[in-house]
Amino acid sequence: MALLSILCYPDERLHTVAKPVAVVDDRIRRQIDDMFETMYEAKGVGLAATQVDFHERLIVMDVSEERNEPIVLINPEIEWASTEPFEWEEGCLSVPGVYDRVQRAERVRVRALDRDGQPFTLEAEGLMAVCIQHEMDHLMGKVFVEYLSLLKRTRIRAKMVKARRERERDGEH
Ligand code: NI
């Protein structure tokens, strides 16, 4: 397994629309393993392939306290979503240090393939439902800060560009 580098907003590659996974083979399973390792190392609850510059419809998640309930979603599609308004304070490994409230569906039912290429359906609510919607947005090239006001986005962009400059200056890049 290998740690992958995570793209940081406002990297243009985060706006790439991912293609469906054509076949769930060892290449995809290797990518899944690397994404889990990267997500756990970064202490995230979810990671979309887009964030590691791999543009196929693939998500890994683990919203459990114990960090021992990995979930893989390949070619996920939302089958049903609840309509009552629901807000959660979200963060993102691609926008480190930024947290803000976004309105989502509280409950969703998603259909996807597992790591063996078998179809399954997952019903989720609360944090897991939010995570699924957040990661599926990544696959469509959308980052959660794009739900925020223009003023907030402008501030976040400036903060991220400054942080990147500092990282480059300190030679951590
Ligand atoms: Ni994210």
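Remember, it's a predicted structure, so these values are computed and weren't measured experimentally.

Conventions used here
- Residues numbered from 1 in each chain as written.
- Predicted model: local features only at pLDDT ≥ 70, side-chain atom pairs only at ≥ 80, totals over all residues.
- Heavy atoms only, no water.
- Helix = DSSP H or I, 4+ residues; strand = E, 2+ residues; numbered from the N terminus.
- Rg over C-alpha atoms; globule rule 2.2 N^0.38 Å.
- Buried < 20%, exposed > 50% of the residue type's maximum accessible area, 1.4 Å probe, protein only.
- Donors = N, O, S within 2.8 Å, 3.2 Å for Na, K, Ca; no water.
- Contact = heavy atoms within 4.5 Å.
- Phe/Tyr/Trp six-rings, centres within 6.5 Å; stacked < 30°, edge-to-face > 60°.

As for the overall build of the chain
Phase 1 of the analysis: Assigned secondary structure in the chain consists of 3 helices and 7 strands.
Phase 2 of the analysis: Ordered by position from N to C terminus, the α and β elements of the chain give α-β-β-β-β-β-β-β-α-α.
Phase 3 of the analysis: Taken against the 2.2 N^0.38 rule, which gives 16 Å for 173 residues, the C-alpha radius of gyration of the chain at 16 Å falls within 12% of a compact globule.
Phase 4 of the analysis: If you line up the chain on its principal axes, its C-alpha atoms span 45 × 40 × 30 Å.
Phase 5 of the analysis: In the chain, which comprises 173 residues, the proportion classed as buried is 45%.

Examining the coordination of the nickel ion
Phase 1 of the analysis: With distances of 2.1 to 2.2 Å, the protein atoms coordinating the nickel ion are Cys92 (SG), His134 (NE2) and His138 (NE2).
Phase 2 of the analysis: All donors to the nickel ion come from one chain, and their sequence spacing reads C-x41-H-x3-H. A residue pair is termed long-range when its members are at least 10 positions apart, and Cys92 in the loop between β4 (85-90) and β5 (100-105) and His138 in helix α2 (residues 127-139) qualify at 46 residues.
Phase 3 of the analysis: Assessed through its relative accessible area of 0%, His138 is described here as buried.

Examining the environment of Phe144
Phase 1 of the analysis: If you trace the backbone, Phe144 turns up in the loop between α2 and α3 (150-169).
Phase 2 of the analysis: Placed 49 residues apart in sequence, Phe144 and Val95 show a C-alpha to C-alpha distance of 9.0 Å.
Phase 3 of the analysis: Once residues lying within four places of it in the same chain are set aside, the contact partners of Phe144 are Glu90, Gly91, Cys92, Val95, Val98, Asp100, Val102, Arg104 and His134.

Focus: the packing of aromatic side chains
A ring pair, where both rings are aromatic, is described by two values, the distance of the centres and the angle of the planes.
Phase 1 of the analysis: All chains considered together, the criterion is met by 2 aromatic pairs.
Phase 2 of the analysis: Seen in terms of ring centroids, Phe36 and Tyr40 are 5.9 Å apart; in terms of plane orientation they differ by 20°. Their pairing is stacked. Of this pair, Phe36 and Tyr40 both sit in helix α1 (residues 26-41), separated by 4 residues, roughly a single helical turn.
Phase 3 of the analysis: Assessed through its relative accessible area of 10%, Phe36 is described here as buried.

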